[in-house]
Amino acid sequence: MSYLRKAVERLAAYVPGEQPRIPNIVKLNTNENPYPPSPRVLEAIQAVTTDELRRYPDPNCTALCQKLAELHGVREHCVFVGNGSDEVLALCTRAFVEHGGTIGYFDTTYSLYPVLADIQESARLPVELGPEFAWCMPANYRASLFFLANPNAPTGMRFPDEEVAEFCARFSGVVVIDEAYVDFADADCMALARTRENVLVARTLSKSYSLAGLRLGYAVGAPVLIDALYKIKDSYNVSAFSQRVGLAAVTDIETMRANTARVKATRERVRAALLTQGHRVWPSQANFLWMQPAGNEAKEVFEGLRRQGIVVRHFPGPKTGMCLRITVGTEIEMDRFLDGLRIAVGGKAMA
Ligand SMILES: Cc1ncc(COP(=O)(O)O)c(C=O)c1O
């Protein structure tokens, strides 16, 4: 006899990138920002009082919502804050998908989406991407909810704005545009969240704001969707500490922009170097590069890099197994990566 729900018993849980505690490794596997967050973050941490911790936090993250609303040109009740954008995504499956409903996403994309569908016991309705991981959406496609990572992961590519807008206009369910990496991109879809009743844009402070450890994400969209998330969330889903620190971070957008500009410049330099070495590298609008190593199996290169203390991400499987995802680190880290890659491919690439 089992005490578990059948769905939980057979669930293949989400596998997060590893967090090895090995000194001096070059860690390029979980798309963290290599630069520190705003100095105001540390000031906010130091200013936390024991009284703030003794009491329950503001259940509605009012100050943070107000600031985010101002940043995105929406009203305060168009913003919902969660314990990382992963929580926001999970709440969307509970708020917008009936029992027996369906959850869609591209194959290939963020590997959490199918797991969320399984937890919710919703049928998965993946859509095959076109050649080169490009947009490809059947005209008659229907689902209760569609998760659209844009820029997509692990490819780093942004989908064409016209395609996304046209899809949102004709889709009968809710579209959650997951813009976890958008601060590293040249454009965004926030206008769709401002104008369409069935669109939520999800963002995170984990990547561009260098705060993956804090766990803060948010959604922007029509009040009818946002209200539903408030209805079903845990009473105190975001700690007082996170609210205070997150607010400090988003009031210093200049530091975030300076950090993302550095990451973007490094990304382009490394991409050019990889192309010169003969590897395939897709254009990236994110803080990582999706590459197919020349002349070697990706898995072997992954292991060769690891032996040198350089940790990148390999996703086994028919669609992704031939590639590696490389988080963009500091200039020095990326030089170590490029040197390590030359050794790992054993002269089989062109350089
Ligand atoms: C596409 C995408 N969405 C969301 C997340 C999760 O972000 P958070 O740290 O806010 O939960 C990730 C993390 O890697 C991601 O790749």
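Residues numbered from 1 in each chain as written. Predicted model: local features only at pLDDT ≥ 70, side-chain atom pairs only at ≥ 80, totals over all residues.

Some remarks on the overall build of the chain
On a plain count of helices and strands, the chain comes out with 13 helices and 12 strands. Projecting the C-alpha coordinates of the chain onto the three principal axes gives extents of approximately 55 × 50 × 50 Å. Per-residue burial for the chain yields a buried fraction of 46% across its 351 residues. Considering only residue pairs separated by 6 or more positions, the chain has 72% of its internal contacts joining residues 24 or more positions apart. (Helix = DSSP H or I, 4+ residues; strand = E, 2+ residues; numbered from the N terminus. Buried ≥ 20, exposed ≤ 12 C-beta atoms within 10 Å, placed from the backbone. Contact = placed C-beta atoms within 7 Å.)

Some details on the domain arrangement of the chain
By the assigned domains, the chain splits into domain 1 (6–36 + 254–344) and domain 2 (39–252). Those elements giving two or more residues to the side of domain 1 that touches domain 2 turn out to be helix 11 (253–276) and strand 10 (288–292). Considering every element that reaches the side of domain 1 that touches domain 2, the biggest residue donor is helix 11, with seven residues. Broken down by class, the residue content of the side of domain 1 that touches domain 2 amounts to 15 nonpolar, nine polar and five charged. (Domains from an automatic or database assignment. Nonpolar A, V, L, I, M, F, W, Y, C, P; charged D, E, K, R; others polar.)

Examining the nonpolar core
Counting 101 residues, the largest nonpolar core has Val 79, Val 176, Leu 200, Val 201, Ala 219 and Val 220 as the members making the most contacts within it. Counting residues domain by domain, this core receives three or more from each of domain 1 (6–36 + 254–344) and domain 2 (39–252). When residues no more than four places from it in sequence are discounted, the contact partners of Val 79 are Cys 65, Leu 68, Ala 69, Val 74, Tyr 218, Val 220 and Ile 226. (Core = buried A, V, L, I, M, F, W, Y, C linked by C-beta atoms within 7 Å.)

Comments concerning the pairing of strand 2 (residues 79–82)
Side chains Val 79 and Val 81 project from strand 2 onto one buried face, and the interleaved Phe 80 and Gly 82 project onto a second face that is buried too. One ladder, built from four bridges, connects strand 2 with strand 8 (residues 217–221); its direction is antiparallel. By the bridge assignment for strand 8, Gly 82 is matched with Gly 217. (Pairing = 2+ DSSP bridges.)

Considerations on the sheet that holds strand 12 (residues 324–327)
Adjacent strands of a sheet pair through backbone hydrogen bonds, lying either parallel or antiparallel. Strands sit in the order 9-10-12 across an open sheet of three strands; the sheet is antiparallel. Strand pairing shows two members of the sheet lacking a second neighbour, strand 9 (280–281) and strand 12, which therefore form its edges. Across four bridges, the pairing between strand 10 and strand 12 is antiparallel. Across the sheet, the residue bridging to Trp 290 is Arg 325, located in strand 12. Running at roughly 10 degrees to strand 10, helix 11 makes contact with strand 9 and strand 10 of the sheet. (Axes fitted to C-alpha atoms, helices over the stretch in contact; angles between N-to-C directions.)

Comments concerning the packing of helix 2 (residues 39–47) against helix 10 (residues 240–250)
Direction vectors running N to C along helix 2 and helix 10 enclose 155 degrees, while the axes themselves pass 8 Å from each other. Comparing the axis directions of helix 2 and helix 10 gives the class roughly antiparallel. Along this stretch, helix 2 crosses helix 10, giving a crossing that reads as right-handed. Contact residues: Arg 40, Val 41, Glu 43, Ala 44 and Ile 45 in helix 2; Arg 244, Val 245, Ala 248 and Ala 249 in helix 10. When the residues that make up the contact of helix 2 with helix 10 are grouped by side-chain class, the tally is six nonpolar, no polar and three charged. (Parallel < 35°, antiparallel > 145°, perpendicular 65-115°, else oblique. Left-handed = near helix turned anticlockwise from the far one by under 90°.)

As for unusual backbone geometry
Across residues other than glycine, the phi torsion is negative in most instances, and most of the peptide bonds are trans. A cis amide bond, omega 0 degrees, links Asn 150 with the succeeding residue Pro 151. Within the secondary structure layout, Pro 151 lies in the loop between strand 5 (145–149) and helix 7 (161–170). At the junction of Ala 153 and Pro 154, the peptide bond is cis and its omega measures out at 5 degrees in the coordinates. By the secondary structure assignment, Pro 154 is in the loop between strand 5 and helix 7. For Cys 61, which is not a glycine, the phi torsion comes out positive at approximately 50 degrees. By the element assignment, Cys 61 lies in the loop between helix 3 (50–54) and helix 4 (62–72). Residue Ser 210 is not a glycine yet carries a positive backbone phi of 60 degrees. Among the structural elements, Ser 210 can be located in the loop between strand 7 (199–204) and strand 8. Take Ser 210: there are 22 C-beta atoms within 10 Å of it, and that puts it in the buried class.

Comments concerning the site of the ligand
Around the ligand lies a shell of 13 residues, among which Gly 84, Ser 85, Asp 86, Thr 204 and Ser 206 are the nearest. Looking at side-chain class alone, the shell around the ligand contains five nonpolar, six polar and two charged residues. (Near = placed C-beta within 6 Å.)

Observations regarding helix 5 (residues 85–96)
In a regular helix each residue adds 1.5 Å, so 12 residues correspond to 16 Å; helix 5 covers 16 Å between its end C-alpha atoms and thus fits that length. Every buried residue of helix 5 is listed here: Ser 85, Asp 86, Val 88, Leu 89, Leu 91, Cys 92, Thr 93 and Phe 96. (Expected span 1.5 Å × (residues − 1).)

Notes on the environment of Thr 49
Here Thr 49 is to be found in the loop between helix 2 and helix 3. Each C-alpha atom, one on Thr 49 and one on Ser 239, is 13 Å from the other, the two residues being 190 residues apart in sequence.

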